[in-house]
Amino acid sequence: MTKTCKLLAAASMLLLSAACVRRPLEYLPYETVRVIVDCIYEDDAYPVGEKPTGMTLYFFRDGKLYNTVTTSNIDTYETELPSGNYKLYMMSQSVGEFGSMTFSNMDNFDKAAATLTESKVVWATRGTGEVVGTDPEVLLAGTSAEFEVTEAMIHEYQIWHSKKKAAVASGATKGQEWIDLDNQVEQTTIHVPVYPKNVTSELEVLVYCGGMSYLQNVRASTTGMARTFVLTPFITGDETATQVIRYWGVAMDREADDIGHLYATITTFGLPNGDKPSPNRDATLNITTLLVDNNTTLSHVFEVGDKFVEITPPTLGYRHHYLLTFGTPDEPVIIFPEVDPVEAGGGFVAGVTDWDEEVEGGIEI
């Protein structure tokens, strides 16, 4: 036999030998472990009646976006993951379901953010150059702790999973042996808890006024509010926006003296730069009032700076509740002048209407 023939024969024997090698009984066809994400909604997670109908999960593996999934099951999500270091964040609904905000950097765990959509309310800009942002809808967000999937964890899980699968195939799904198998599969499953919270806050405004019987309507805006919310550190960003305060109510404090107050509440991301009030913030509350003659309009500008007071605890389901108060019943900050009503029975009407350009009879306080 030639040398070449001998080599070919030896190679053939090796191939035959390899073909006869049996895989161990615990050979595992999958290289993943079962992972269950548990979203735990505490009592203060969302306002009454605002529980979401879906959620989106963003899985990051070894620092990079691995998978995104949107599901109508808001409490749990089950998946299979290969080895690696993981972390994830969730948001309620999905990015396309919000009209009041847009989303950016969703593939970057540290920079994923929501941004208020620009509104086209021209009169609210006051020449600040800020975008006028819409009032944000309820948005829940939460992050998991970092967790690791190792080869050893996968191996152990797959052994018990395979045994349980074999038991199902044989019909042995009763008795203590089945219970033990089921417990082993559960014990080798990774559970990842996430605690969603609402990113939005409330801003309440009170303004004490005299001559309330001469007031017909109010429109207002406040500058220097947060326009962005960074989801994973759960703080506001540095970008600012003006927000419109659309609907006002009136309450009388001393009817005999015609003294009362205006009040309104809006939803907001809060204050920029991590919700820190500062006297150095160049921010104002801008109120325009229309009187009962349906002609006289006056502007009132209030410097807000660090005048935000935080009310604790906030309204259930909101992140913060801020209060801005100007004046008191004894010292109202606005006195409406006497005017003749355009018609009998005229009085205050809540809500924003399209007025003509107002007279800049401003009062800075």
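Not measured: the values here are computed from a predicted model.

Procedures and definitions
Residues numbered from 1 in each chain as written. Predicted model: local features only at pLDDT ≥ 70, side-chain atom pairs only at ≥ 80, totals over all residues. Heavy atoms only, no water. Pairing = 2+ DSSP bridges. Helix = DSSP H or I, 4+ residues; strand = E, 2+ residues; numbered from the N terminus. Expected span 1.5 Å × (residues − 1). Buried < 20%, exposed > 50% of the residue type's maximum accessible area, 1.4 Å probe, protein only. Contact = heavy atoms within 4.5 Å. Phe/Tyr/Trp six-rings, centres within 6.5 Å; stacked < 30°, edge-to-face > 60°. Lys NZ or Arg CZ within 6 Å of the ring centre and 35° of its normal. Salt bridge = Lys/Arg side-chain N within 4 Å of Asp/Glu carboxyl O. Axes fitted to C-alpha atoms, helices over the stretch in contact; angles between N-to-C directions. Left-handed = near helix turned anticlockwise from the far one by under 90°. Nonpolar A, V, L, I, M, F, W, Y, C, P; charged D, E, K, R; others polar.

Draft legend 1. Main features of the sheet that holds strand β7 (residues 113-116). Strand order in the open sheet formed by 4 strands is β6-β7-β15-β16, and the pairing between neighbours is antiparallel. Each edge of the open sheet carries a strand with a single partner, namely β6 (101-104) and β16 (235-236). Bridge count for β6 against β7 is 4 bridges, and the pairing is antiparallel. Looking at β7, one finds that T102 is bridged to T115.

Draft legend 2. Quick peek at helix α2 (residues 151-170). Along its 20 residues, α2 runs 29 Å from first to last C-alpha, staying within 8% of the 28 Å computed at 1.5 Å per residue. Buried within α2 we find I154, Y157, Q158, I159 and A167. Residues of α2 that are buried make contact with β1 (33-39), β4 (76-81), β10 (147-149) and α3 (175-187). Once α2 ends, the next one or two residues include G171, with phi positive near 85°.

Draft legend 3. Spotlight on the packing of aromatic side chains. If you walk through the whole model with that rule in mind, you get 13 aromatic pairs. Between Y66 and Y86, the ring centres sit 6.0 Å apart and the planes meet at 85°, which makes this aromatic pair edge-to-face. Taken together, the positions of Y66 in strand β3 (residues 64-71) and Y86 in strand β5 (residues 84-92) put the pair 20 residues apart, joining distant regions of the chain. Looking at Y66, the relative accessible area reads 36%, which means it is partly exposed. A residue is classified by how much of its surface remains accessible, and Y86, at 1% relative accessible area, is buried. On the numbers, 5.7 Å between centres and 65° between planes, the contact of F98 with F103 is edge-to-face. Of the aromatic side chains, those joined through ring pairs into one cluster are Y58, F60, Y89 and F109. Just above the ring of Y41 sits the side chain of K51; from NZ or CZ to the centre is 5.3 Å.

Draft legend 4. Fine view of the pattern of salt bridges. Scanning all chains against the criterion turns up 9 salt bridges. Between R254 and D330 there is a salt bridge, with its nearest N and O atoms 2.8 Å apart. Placement of R254 in strand β18 (residues 249-254) and of D330 in the loop between β23 (321-326) and β24 (334-335) is noted, with a sequence separation of 76 residues between them. We classify D330 as exposed; its relative accessible area is 62%. The network of salt bridges with common partners includes R34, E78 and E186.

Draft legend 5. Just the sheet that holds strand β11 (residues 190-194), in detail. Strand order in the open sheet formed by 3 strands is β4-β1-β11, and the pairing between neighbours is mixed. Both edges of this open sheet fall to β4 and β11, since each of them pairs with a single strand only. Direction aside, the axes of adjacent strands within the sheet are offset by 25° on average. Summarising the sheet, β1 and β11 pair through 5 bridges and their orientation is parallel. Bridge pairing links V37 to V192 in β11. Contacts from α2 reach β1, β4 and β11 within the one sheet, and its direction differs from that of β1 by about 95°.

Draft legend 6. View of the side chain of S92. On the secondary structure map, S92 appears in strand β5. Overall, the relative accessible area of 3% leaves S92 in the buried class. Apart from the residues lying within four places of it in its own chain, the contact partners of S92 are P52, G54, M55, F98, V138, L139 and L140.

Draft legend 7. Representation of the packing of α2 against α3. Closest axis-to-axis distance for the α2/α3 pair is 9 Å, and the angle between their directions is 145°. Read as a crossing pair, α2 and α3 show a hand that is left-handed. Contacts between α2 and α3 pair Y157, W160, H161, K163, K164, A167 and V168 from the former with W178, L181, D182, Q184 and V185 from the latter. Looking at side-chain class alone, the contact of α2 with α3 contains 7 nonpolar, 2 polar and 3 charged residues.

Draft legend 8. Fine view of the pairing of strand β2 (residues 55-61). With 6 of 7 residues buried, β2 is to be regarded as a mostly interior element. Strand direction decides the pairing type here: β2 and β3, joined by 7 bridges, are antiparallel. For T56, the partnering residue across the bridge sits in β3 and is T70. As defined by bridge partners, β2 adjoins β5 across 7 bridges and the pair is classed as antiparallel. Each residue of the ladder has a partner; that of R61, found in β5, is Y86.

Shape is all these values report; function is a separate question.
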